[in-house]
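# Chains, contacts and geometry: an overview
In case you want the letters, here they are:
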Amino acid sequence: MAFFLWCCMLNVNAQDADPISYVSTLVGTNSKYELSTGNTYPAIALPWGMNFWSPQTGKMGDGWMYQYTADKIRGFKQTHQPSPWMNDYGQFSLMPMTGKAVFNEDERASWFSHKAEIAKPHYYRVYLADYDVTTEITPTERAAMFRFTFPDSENAFIVTDAFDRGSYVKIIPEENKIVGYTTRNSGGVPDNFKNYFVIIFDKPFTYFAAVKNGEISEGERQFAGNHAGAIIGFSTSNNEQVHARVASSFISEEQALLNLKELGDSEFDGIVEKGKDRWNEVLGKIKVEDENIDNIRTFYSSFYRSVLFPRNFTEIDAAGKIVHYSPYNGKVLPGYLYTDTGFWDTFRSLFPFLNFLYPSENVKMQEGLVNAYKESGFLPEWASPGHRDIMVGNNSASVVADAYLKGLRGYDIETLWEALKHGANNVHPEVSATGRKGYEHYNKFGYIPNDVGVDQNVARTLEYAYNDWTIYRLGKALNKPRKEIEIYAKRAMNYKNLYRSKNKLMAGRASDGSFADSFMPTDWGRDFTEGNSWHYSWSVFHDPQGLMDLMGGQKEFINMLDSVFIIPGSRGMDSRSMIHEIREMQVMDMGQYAHGNQPIQHMVYLYNYAGEPWKAQYWAREIMDKLYSAAPDGYCGDEDNGQTSAWYVFSALGFYPVSPGSTEYIMGSPLFKSVKVELENGKEIVITAANNAKEKRYIAEMKLNGKPYTKNYLTHEDLMDGAKIEFQMSKEPNKSRGINKKDFPYSFTNDK
């Protein structure tokens, strides 16, 4: 009885705790090249911060900088890495040690244990067993403070590693300071790229040495070359704390010193509290209540990852003005710039989440897109920090259109309109993933043939058609002339040109209009991007009714949706060499449903368009329960800059933005008993499902603002006005609710 009472008290108190207390930054870190359970690292950062920090278990240059299964730390690294596949830029590290001055990353690495590790967004602590040193880190947006607790030692050291491929370090003992720069990157930068850093310690040096390509040169103060580093040293008493104040800049060493002022006069614990307050402010916009503490932990850990990217790449100059170093032309220019996001991933739910909860932040991001276009001639599709040649689609159109259509203002939408039209009819001369690769064929044939030398042609065609619809929608909202926008309305239907009635799915098609007899819907790659036809055939976000009509109506549409979960995941595994996305689908035991990759993540919500919303409710809850947790293996594939996390955050609320560019959120199954959402406009959304439980995943009844509500969607306008949403949940589906066409969500076919 005492144990039961204690558990009840724990659940009540859990609702009163700070949101940040539920966050684990280790979710997704139990990953490797062959199998991703997130491919994340424990980002020590503020929301949308310019600089992140992370403990580094991997070798220099290894995208898997921190793996949960590792047992040694090589350093504590400033990082700007969006994913291991994109790798890093602007990187350097610090590492404390005792006994002997060592620079080699293998030799200096120390054993550690997760039992002696605390990993929170605003605070990180770990014990380095080989040196009896505890390292603590707390960040601001562009700076950080380290606190090293040393043992009694005559030989205590801190290594600064500026990494290879071009770096510089200068030691200034008179000021307890180290300055330098690092140039190591993975692409997407101009020739003059540098990340300038400054480190100021609160203890005088009794030892210093410059490191020249691995050689320790005692008494020397500086080195510029392939691989620069520095070692400073002093004697310490037992439990003596040494602080390092660190900042960096992409503009100059002087700007790095300005960025260091973010720390102010605060002591370490004061900065920790400020970081905690900032995270609670951002995460506190959604307050959830439930007896299931695991769901709360998963929710806020996912929420944390939803507000890390895109990163704010801007700095504040000596005059207090917002400026940025342009990764597109190498100049220092006024205004905002955001980076480290791939729109192929994040257009789906991450950017709609920003429009829903943090529109003022996305206004700055839209301004950043204006600047990116002015500085490079194109909107980015995958920026890290500049244009990167990876993935497909022209989904900047979705990101721009959805923001404006959901009411965001205060930026140059006319320039963005021109940018969308330009990107739809051109391709970047050096980075083929920017703009539209194959646009000439797409515009000529109404699809990209699979025999004209353009890869991933089905994926590109389907995404371009959706992108054209978003351009059309934005053009209408801007009152652009019909003759200017009608071409995009026409092209929005191009998805139909790749529908193969024999399979009731999308397939690659030759320039003569023929489909190959060898087509297998389960085959990965080739005409598709990181997936197969079962994944991509649902990428008609804007017109599920049109797709349904092609398939033969509601019954056939439902049958095809059901089939996704029935056809074994092992099918098609011999169609190409193994990639981690294939393996992740195989081991999840959900048929062809590959939630670990983005193209299919909206698919379960499509049941709402065909009159069987209870299946959306079933599968949404199944995915949340089975494929997410707050453990180090808590994702079922790449987390991808907040996209997979934002899917969970939206889905836990009970709805999801299937088609960004519309103003509808499609119904799923709410996860919690009570949710309060604080909107930027001062209004509040209250969601209650008093009888919710793990076994009650179906919506029996729903009310909106006290009135019975049968629609399979909510509108952005309803939510932004403030809303009271009440659910009655059931173990059994209500098959009479949401079955009439008047309750179905938007489709472009019905809009014409």
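Residues numbered from 1 in each chain as written. Predicted model: local features only at pLDDT ≥ 70, side-chain atom pairs only at ≥ 80, totals over all residues. Heavy atoms only, no water.

The next subject is the overall build of the protein. On a plain count of helices and strands, the protein comes out with 20 helices and 36 strands. Whereas a compact globule of 752 residues would reach a radius of gyration of roughly 27 Å, the protein reaches 26 Å, a difference of no more than 12%. C-alpha atoms of the protein, sized along the principal axes, occupy 80 × 70 × 50 Å. Counting every position in the protein, which comprises 752 residues, the buried fraction comes to 65%. (Helix = DSSP H or I, 4+ residues; strand = E, 2+ residues; numbered from the N terminus. Rg over C-alpha atoms; globule rule 2.2 N^0.38 Å. Buried < 20%, exposed > 50% of the residue type's maximum accessible area, 1.4 Å probe, protein only.)

The geometry of helix α8 (residues 359-376) relative to helix α10 (residues 413-424) is characterised by a closest axis approach of 10 Å and an angle of 55° between their N-to-C directions. If you check the angle between α8 and α10, you find them oblique. Relative to α10, α8 is oriented so that their crossing is left-handed. Along its contact with α8, which presents Q366, L369, V370, Y373 and K374, the element α10 presents T415, L416, E418, A419 and H422. (Axes fitted to C-alpha atoms, helices over the stretch in contact; angles between N-to-C directions. Parallel < 35°, antiparallel > 145°, perpendicular 65-115°, else oblique. Left-handed = near helix turned anticlockwise from the far one by under 90°. Contact = heavy atoms within 4.5 Å.)

The nine strands are arranged β6-β7-β8-β9-β18-β13-β12-β11-β16 in an open sheet whose pairing can be described as antiparallel. Two strands in the sheet have a free side with no partner beyond their single neighbour: β6 (117-120) and β16 (222-225). On average, each strand axis in the sheet is inclined to that of its neighbour by 15°, with strand direction left out of account. Note: strand β12 (residues 177-182) against strand β13 (residues 195-201), six bridges, orientation antiparallel. Residue V179 lies in a different strand from β13, and its bridge partner there is V198. The sheet strands contacting helix α4 (residues 268-283) are β7 (123-128), β8 (133-139), β9 (143-150) and β18 (240-249), and the helix crosses β8 at an angle near 45°. (Pairing = 2+ DSSP bridges.)

Grouped together as the largest cluster of nonpolar side chains are 209 residues, with contacts concentrated most on I286, F303, F353, F356 and W538. Among the elements that line this core, the one with the most residues is helix α12 (residues 457-477), at 10 residues. Apart from residues no more than four positions distant in its own chain, W538 is found in contact with L547, M551, F557, M560, L561, V564, I600, H602, M603 and L606. Membership of the second largest hydrophobic core comes to 13 residues, among which are M145, L263, I271 and V272. (Core = buried A, V, L, I, M, F, W, Y, C linked by side-chain atoms within 4.5 Å.)

A word on the sheet that holds strand β36 (residues 723-730). Spatially, the six strands line up as an open sheet ordered β19-β31-β32-β36-β33-β34, and their pairing is mixed. The two strands at the open ends of the sheet, each matched to only one other strand, are β19 (286-289) and β34 (707-708). Bridging between strand β32 (residues 684-688) and β36 involves four bridges; their strand directions are parallel. From the neighbouring strand, I685 faces β36, where its bridge partner is A723.

So, on to the side chain of N712. Residue position: N712 is located in the loop between β34 and β35 (713-715). Look at N712 and you get buried, because its relative accessible area is 0%. When neighbours within four sequence positions are excluded, N712 is seen to be in contact with N608, P613, Y665, I666, M667, R737, G738, D743, F744 and P745.

Before going further, it helps to examine empty space enclosed by the protein. On inspection of all chains with the given rule, the structure shows seven cavities of 30 Å³ or more. Roughly 130 Å³ of internal volume is contained in the largest cavity. Grouping the amino acids of the lining of the largest cavity by side-chain chemistry returns seven nonpolar, six polar and four charged. The volume enclosed by the second largest cavity comes to roughly 100 Å³. Lining the second largest cavity are 15 residues, and of these Y338, T341, F343, F351 and L369 lie nearest its centre. (1 Å grid on protein atoms, 1.4 Å probe; cavity = no way out; pocket = protein on both sides within 12 Å on 5 of 7 lines; lining within 4 Å. Points joined across faces, edges and corners; volume = space filled by probe spheres on them. Nonpolar A, V, L, I, M, F, W, Y, C, P; charged D, E, K, R; others polar.)

Two aromatic rings are characterised by how far apart their centres lie and by the angle between their planes. Counted under the stated rule, the structure contains 59 aromatic pairs. Taken together, a centroid distance of 6.2 Å and an interplanar angle of 20° make the contact between Y300 and F303 stacked. Placement of both Y300 and F303 in helix α5 (residues 293-306) is noted, with a separation of three residues, approximately one turn of the helix. Like F303, Y300 is buried. Look at W647 and Y656: their rings are 6.3 Å apart centre to centre, the planes differ by 50°, and that puts the pair in the tilted class. Overall, Y656 belongs to the buried group, its relative accessible area being 1%. The side chain of K194 reaches across the aromatic face of Y181, ending 5.0 Å from its centre. (Phe/Tyr/Trp six-rings, centres within 6.5 Å; stacked < 30°, edge-to-face > 60°. Lys NZ or Arg CZ within 6 Å of the ring centre and 35° of its normal.)

Averaged over all residues, the pLDDT of the protein is 96; the fraction at 70 or higher stands at 98%. Confidence over residues 1-14 falls short of pLDDT 50; this stretch has three contacts with residues more than four positions distant or in other chains. (pLDDT = per-residue confidence, 0-100.)

Attention shifts here to the layout of surface pockets. Estimates place the volume of the largest pocket at around 600 Å³. Lining the largest pocket are 32 residues; nearest its centre among them are I390, M391, E530, H580 and E581. Listing elements by their share of the lining of the largest pocket, those giving two or more residues are α6 (343-346) and α17 (580-588). At three residues, the largest contribution of residues to the lining of the largest pocket is made by α17.

All told, the structure shown has 38 salt bridges when counted by the stated rule. Across the salt bridge formed by K77 and D88, the nearest N and O atoms sit 3.1 Å from each other. One end of the pair, K77, is in strand β3 (residues 75-79); the other, D88, is in the loop between β3 and β4 (92-98), with 11 residues separating them in the sequence. A relative accessible area of 1% means that D88 is categorised as buried. Three or more residues joined by partner-sharing salt bridges are found here, namely R125, E136, R147 and D269. (Salt bridge = Lys/Arg side-chain N within 4 Å of Asp/Glu carboxyl O.)

Quick look at unusual backbone geometry now. Cis rather than trans, the peptide bond between F309 and P310 has omega equal to 0°. Here the bond from S384 into P385 is cis, since omega is -15°, no more than 30 degrees from zero. Tracing the backbone shows P385 in the loop between β26 (382-383) and α9 (396-405). At D340, a residue that is not glycine, the phi angle is positive and equals roughly 65°. Following the sequence through the fold, D340 ends up in the loop between β24 (338-339) and β25 (341-342). If you check the backbone angles, M391 has positive phi at about 70° while not being a glycine. As for its position among the elements, M391 is in the loop between β26 and α9.

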